[in-house]
Amino acid sequence: LERDLSKRLDPILTGQLLSEYISQEKRYILRDWEPATLDGGQFVEAATRIIYTVDSGNLNRTRSVDECLRYVEDPSNQNNHSFPERKSALHLCRVLRTIYKFRSDRGAVHIDPSYTANQLDSRLVMDNSRWVLSELLRIFWSGDRKEVARAIREILKHEIPAVGRYEGQLLVQRTDCNAEEEILLLLRVSGETGLQREELGRFVRKTPGRVTQAIQSLEEKRQVIRTQDGAYVLTDPGALRITEELGEKLQLK
């Protein structure tokens with residue numbers, strides 16, 4: 001993906017954009033709220049410089065966020081604009097300003113003891129960052145557009161500390177996960193490829209009967225699905241369950 005995007009965008013800025021995005025996603029899924037909120041500015045810097053470079057035709061890897069956005073926004077219509085979709089460029093500017101201003105000004109306000117402002121703030125920053133990356137992929141990725149969603153999902157795939165890899169085997173290294181939870185974590189790290197039934201039987205450290213029951217239960221809940229090649233993969237509801245219920249179990253004790 002990075003190599004393909006770099007054919008149309010500056011390779012260094014593209015690398016920075018994807019690196020910062022992946023870093024935010026990793027920290028977010030591990031429920032480390034503060035970095036996603038505070039460090040979202042680095043993602044914004046890379047994105048605004050990409051948009052400015054495309055729009056102005058001038059490569060500048062150090063131009064400030066405000067300078068980049070003001071050139072593109074151009075309320076007096078004094079600049080020449082080369083961004084492929086003018087309206088999309090303006091939408092991107094608005095969203096990037098929201099992220100940048102929000103993460104720099106946000107104070108410590110708590111809604112209630114069980115759902116902190118840090119979590120809410122992090123969700124806002126992450127959702128907006130996801131939209132920005134998706135929009136840039138839509139506009140600049142020259143591959144099959146049907147593969148855009150797949151590429152985004154693959155970007156989100158990451159190593160979970162609680163899941164180890166040992167000579168081709170996956171192992172949930174916590175002992176407090178039930179069979180369903182182990183399956184969800186294993187499928188989370190397996191990404192689009194998924195795992196065959198035989199692999200789940202080997203990797204899940206539960207009795208065969210419990211593994212079978214867990215798979216059937218997850219299918220009934222629509223949290224996993226079996227693909228045409230026989231592999232089980234995580235669905236969106238399954239990914240949501242991991243985020244909302246299993247955050248603490250992603251870490252090693």
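Structure report, in brief. (Residues numbered from 1 in each chain as written. Predicted model: local features only at pLDDT ≥ 70, side-chain atom pairs only at ≥ 80, totals over all residues. Heavy atoms only, no water.)

## Considerations on the pairing of strand β1 (residues 163–166)
Stage number 1. Where β1 and strand β2 (residues 169–172) come together, four bridges link them in antiparallel fashion. For Val-163, the partnering residue across the bridge sits in β2 and is Val-172. (Pairing = 2+ DSSP bridges. Helix = DSSP H or I, 4+ residues; strand = E, 2+ residues; numbered from the N terminus.)

## Quick notes on the pairing of β2
Stage number 1. Residues of β2 alternate between two faces, with Leu-170 and Val-172 buried on one and Gln-169 and Leu-171 left unburied on the opposite face.
Stage number 2. Following β1, the chain reverses through two residues before pairing antiparallel with β2; Glu-167 in that reversal takes a positive phi of roughly 50°. (Buried < 20%, exposed > 50% of the residue type's maximum accessible area, 1.4 Å probe, protein only.)

## A short note on the sheet that holds strand β4 (residues 224–226)
Stage number 1. Taken in spatial order, the three strands line up as β3-β5-β4 in an open sheet, and their pairing is antiparallel. The sheet terminates laterally at β3 (195–196) and β4, the two strands that pair on one side only.
Stage number 2. Bridge count for β3 against strand β5 (residues 231–234) is two bridges, and the pairing is antiparallel. Counterpart to Leu-195 in the pairing with β5 is Tyr-232.
Stage number 3. Against the sheet, helix α9 (residues 179–190) contacts β3, β4 and β5, and its axis sits at roughly 90° relative to β5. (Contact = heavy atoms within 4.5 Å. Axes fitted to C-alpha atoms, helices over the stretch in contact; angles between N-to-C directions.)

## What about empty space enclosed by the protein?
Stage number 1. Using the criterion set out here, one finds one cavity of 30 Å³ or more in the structure.
Stage number 2. Approximately 30 Å³ is the volume found for the largest cavity.
Stage number 3. Contributing to the lining of the largest cavity are Leu-9, Asp-10, Leu-13, Ile-50, Thr-53 and Val-54.
Stage number 4. Ranked by residue count, the leading element in the lining of the largest cavity is helix α4 (residues 40–56), at three residues.
Stage number 5. Broken down by class, the residue content of the lining of the largest cavity amounts to four nonpolar, one polar and one charged. (1 Å grid on protein atoms, 1.4 Å probe; cavity = no way out; pocket = protein on both sides within 12 Å on 5 of 7 lines; lining within 4 Å. Points joined across faces, edges and corners; volume = space filled by probe spheres on them. Nonpolar A, V, L, I, M, F, W, Y, C, P; charged D, E, K, R; others polar.)

## Some thoughts on the packing of α9 against helix α11 (residues 208–220)
Packed helices, taken two at a time, are described by the angle their axes make and the gap between the axes.
Stage number 1. The interhelical angle for the contact between α9 and α11, taken along N-to-C directions, is 70°, at an axis separation of 8 Å. Viewed along their axes, α9 and α11 adopt a mutual orientation that is roughly perpendicular. The handedness of the crossing between α9 and α11 comes out as right-handed. For the pair α9 and α11, the contacting residues are Ala-179, Glu-180, Ile-183 and Leu-184 in the first and Arg-210, Val-211, Ala-214, Ile-215, Ser-217 and Leu-218 in the second. (Parallel < 35°, antiparallel > 145°, perpendicular 65-115°, else oblique. Left-handed = near helix turned anticlockwise from the far one by under 90°.)

## What about the packing of aromatic side chains?
Stage number 1. What the rule picks out here adds up to three aromatic pairs.
Stage number 2. Measuring from ring centre to ring centre gives 5.4 Å for Phe-83 and Phe-140, while their planes differ by 90°; the resulting arrangement is edge-to-face. With Phe-83 in the loop between α5 (65–73) and α6 (86–105) and Phe-140 in helix α7 (residues 117–140), the pair connects residues that are 57 residues apart, well separated along the chain. Accessibility assignment for this pair places Phe-83 and Phe-140 in one class, buried. (Phe/Tyr/Trp six-rings, centres within 6.5 Å; stacked < 30°, edge-to-face > 60°.)

## Re the packing of α4 against α5
Stage number 1. Contact geometry of α4 with α5 gives a least axis separation of 9 Å together with a crossing angle of 35°. Taken as a pair, α4 and α5 cross one another with a handedness that is left-handed. Across from Val-44, Glu-45, Thr-48, Arg-49, Ile-51, Tyr-52, Asp-55 and Ser-56 in α4, the residues of α5 making contact are Val-65, Cys-68, Leu-69, Tyr-71 and Val-72.
Stage number 2. Here the residues of the contact of α4 with α5 sort into eight nonpolar, two polar and three charged.

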